[in-house]
Amino acid sequence: MTRRALLHKWLIYALALIPIFLLDWAVLPRYPLFGVHPTLLPLAVAAVATLEGPISGAGYGLATGLLWTTTYAGVSSLQVALLTLTGLLVGSATQYVLSQSIWGCLVCSAGALLVQEMLHILFFLFLRTATVDTLVAVAVPEFLWTFVWTAPIYLIYYLIYRKVGGTKLA
Amino acid sequence: MKDFFRNNGGLLLVIALLLSLLLGITSVFLSGTTDPISNVMTAVTAPFRNGVSAALAWAEGAYEYVFHYEQLHQELSDLKQQVADLEEALRDAEDATRENEQLRALLGLQEKHRDFVFEAVRVSSPSTSNWESTITISKGSAAGIEAGDCVVTETGALVGIVSQVSYSTSVVSTVINTDIEMGGMVSRTYSAGVLEGDFNLMQEGLLRLSYLSDGAQLVAGDEVVTSGMGEIYPSGFVVGRVEAVFSDPSGMTRYAVIQPAVDFSDLIEVFVIKEFSIEN
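Residues numbered from 1 in each chain as written. Chains lettered and ligands numbered in written order. Predicted model: local features only at pLDDT ≥ 70, side-chain atom pairs only at ≥ 80, totals over all residues.

Examining the overall build of chain A
For chain A, the count of helices and strands is seven helices and zero strands. Each helix (α) and strand (β) of chain A, taken in turn from the N terminus, gives the series α-α-α-α-α-α-α. A globule of 170 residues ought to have a C-alpha radius of gyration of about 15 Å, and chain A, at 16 Å, matches this closely. Judged by the C-alpha coordinates and their principal axes, chain A covers about 55 × 35 × 25 Å. Going through the 170 residues of chain A one by one, you find that 49% of them count as buried. Across chain A, every contact between residues at least 6 apart in sequence was considered, and the portion connecting residues at least 24 apart equals 68%. (Helix = DSSP H or I, 4+ residues; strand = E, 2+ residues; numbered from the N terminus. Rg over C-alpha atoms; globule rule 2.2 N^0.38 Å. Buried ≥ 20, exposed ≤ 12 C-beta atoms within 10 Å, placed from the backbone. Contact = placed C-beta atoms within 7 Å.)

See the structure below:
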């Protein structure tokens, strides 16, 4: 693949993140469902990793993690490493074990979200500022409401992949 | 395993870990101020956030006008009645103030003088996390806002404390957030305690007034204000009303559950207290 084509491809993928970012950052927090709003950025990383493989997934995770940490309030800098790892593992799992399809993406997204929720729960338990039942009462609706968005976000990236994904521009 | 990571993005993972560490260490040292990268990202993305907020606010206003006109009309009538009642209370208060001044002069007491420097800001967005209660406001260090500044509404109700400042925006921890801790007191009886956020209560939109003494006098409905103890935060700002009083698990102290005076989902414009002085 030529450098120009590569840049073109990843520019399109980056532009695709913009509406997801704005939805997650500025729109959905205003309209919570069951008291929570979804977290869409890990799903974007999982979708790209599923379609493009582990190295591209890790790179996309790194960029998305940086965006998340630097623009959102109260997001730990560990998310940079966590989303990179998510991209790497999702890409590897879908490439070598599962399938590079919506089903592989759904399974891996569920796993990624589960890890996110577990880390939140463990963090607050460590600080001893909350009881397990309250933490679970936040984590479960957040997980479910976020998971619902996996398919639409995968569809966005799949449509892009069909146009510019893989080595199509070569 | 080593080959697996080398061939599948292991280097990127190492870079990500180093970046995480760098950002983490920077945030610890800067404490309350955002790191340079976040400053740049926030400055670049702030116009988009403000644009989306403005568009949503317009759309919500239009929706309210079209579908809730009767409700808005009734709310207007109620507010007009409230204004009339408050004007009458103000006239009574002016009489009381004059009498207070005369008595102070008679007894040789000096008046307490309160000076505040306010900065009006718009609320850009509500909390982007389900695990904390924060709002983002439209001004930052460029407007002289610093971490630790109080944020209030136009009616003097406390919204929260500025927890993080970037060049053009700031993050405010609301009064129900878990990192809040300040002196509070019941305005009717002057019973003092510590206003604290609590994760369990935060999910219900509440906070607590802890470390109440055994002799503290308060009942449901009592108004709670900031006490200004330690002179870190100004006194007299309304935090909320007592919902219920409980005994601490240790049985040594009591605490009250407080319903905040502010509806955080309804905020459009608030005021940051950049400086204050309370002198005798």
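Here the narrative resumes, following the displayed structure.
Regarding the overall build of chain B
The number of helices and strands found in chain B is five helices and twelve strands. Projected onto the principal axes, the alpha-carbon positions of chain B cover approximately 85 × 55 × 35 Å. Taking all 280 residues of chain B together, the buried fraction comes to 34%. Within chain B, counting contacts between residues at least 6 apart in sequence, those at least 24 apart form 57% of the total.

Brief notes about the packing of helix α2 (residues 41-52) of chain A against helix α7 (residues 150-164) of chain A
All names here are of chain A. Where α2 meets α7, the closest approach of the two axes is 9 Å, and the angle between their N-to-C directions is 45°. Accordingly, the angle class assigned to the pair α2 and α7 is oblique. Of the two possible hands of crossing, α2 and α7 adopt the one that is right-handed. Contacts from L43, A44, A47, V48 and L51 of α2 reach α7 at T150, I153, Y154, Y157, Y158 and Y161. Residue composition of the contact of α2 with α7, grouped by class: ten nonpolar, one polar and no charged. (Axes fitted to C-alpha atoms, helices over the stretch in contact; angles between N-to-C directions. Parallel < 35°, antiparallel > 145°, perpendicular 65-115°, else oblique. Left-handed = near helix turned anticlockwise from the far one by under 90°. Nonpolar A, V, L, I, M, F, W, Y, C, P; charged D, E, K, R; others polar.)

Some details on the sheet that holds strand β11 (residues 254-260) of chain B
Residue and element names in this part refer to chain B. Strand order in the closed barrel formed by six strands is β6-β7-β8-β11-β10-β9, and the pairing between neighbours is antiparallel. Strand-to-strand twist of the sheet, defined as the mean angle between neighbouring strand axes without regard to direction, takes the value 40°. The pairing of strand β10 (residues 238-247) with β11 spans seven bridges and is classified as antiparallel. Bridged to V242 within β11 is I258. (Pairing = 2+ DSSP bridges.)

As for the interface of chain A and chain B
The partner chain B presents 38 residues to the 38 residues of chain A that form the contact. Elements with a minimum of two residues in the side of chain A that touches chain B: α1 (3-27), α3 (54-71), α4 (78-97), α5 (102-127) and α6 (132-147) of chain A. When residues of the side of chain A that touches chain B are assigned to their parent elements, the largest contribution, ten residues, is made by α3(A). When grouped by side-chain class, the residues that make up the side of chain A that touches chain B number 22 nonpolar, 14 polar and two charged.

Examining the confidence of the model for chain B
Mean pLDDT over chain B works out to 85, with 94% of the residues at or above the 70 mark. Scored as a whole, the predicted complex attains pTM 0.82, and scored at its interfaces, ipTM 0.85. (pLDDT = per-residue confidence, 0-100.)

Some points on the domain arrangement of chain B
Domain boundaries in chain B define domain 1 (32-67 + 120-175), domain 2 (74-111) and domain 3 (181-261). Taken over C-alpha atoms, the centre of domain 1 of chain B sits 33 Å from the centre of domain 2 of chain B. (Domains from an automatic or database assignment.)

Topic: α6(A)
Residue and element names in this part refer to chain A. Helix length check: α6 (16 residues) gives 22 Å between terminal C-alpha atoms against 22 Å at 1.5 Å per residue, within 8%. Restricting attention to buried positions, one finds in α6 the residues L135, V138, A139, E142 and T146. Viewed along the axis of α6, the buried residues span an arc of 95°, placing them on a single side of the element. Where α6 is buried, its residues contact α2 and α5. (Expected span 1.5 Å × (residues − 1). Arc of directions from axis to C-beta.)

Some remarks on the environment of A:I55
With respect to the secondary-structure elements, A:I55 resides in helix α3. Here the alpha-carbon distance between A:I55 and A:A93, two residues 38 residues apart in the chain, equals 12 Å.

Observations regarding unusual backbone geometry
In this model, A:F34 sits at a positive phi of 55°, which is unusual for a non-glycine residue. Along the chain, the position of A:F34 falls in the loop between α1 and α2. Its identity as a non-glycine residue notwithstanding, B:Y211 has a phi of 55°, on the positive side. Within the fold, B:Y211 resides in strand β8 (residues 207-212).

A word on the environment of A:L82
Mapped onto the fold, A:L82 is located in helix α4. Its 24 C-beta neighbours within 10 Å are what place A:L82 among the buried residues.

Focus on α5(A)
Residue and element names in this part refer to chain A. Taking 1.5 Å as the rise per residue, α5 with 26 residues should run 38 Å; its terminal C-alpha atoms sit 37 Å apart, in good agreement. Of all the positions in α5, only G104, C105, C108, S109, A112, L113, Q116, E117 and F124 are classed as buried. Positive phi appears at R128, one or two residues downstream of α5, with a value of about 55°.

Some words on the packing of α4(A) against helix α2 (residues 10-30) of chain B
Interhelical geometry of α4(A) versus α2(B) gives an angle of 165° and a closest axis separation of 7 Å. On the basis of the axis angle, α4(A) is roughly antiparallel to α2(B). Relative to α2(B), α4(A) is oriented so that their crossing is left-handed. Residues A:L78, A:V80, A:A81, A:T84, A:L85 and A:L88 of α4(A) form the contact with α2(B), whose participating residues are B:L12, B:L13, B:A16, B:L17, B:L19, B:S20 and B:L23. Class assignment of the residues belonging to the contact of α4(A) with α2(B) gives a composition of eleven nonpolar, two polar and no charged.

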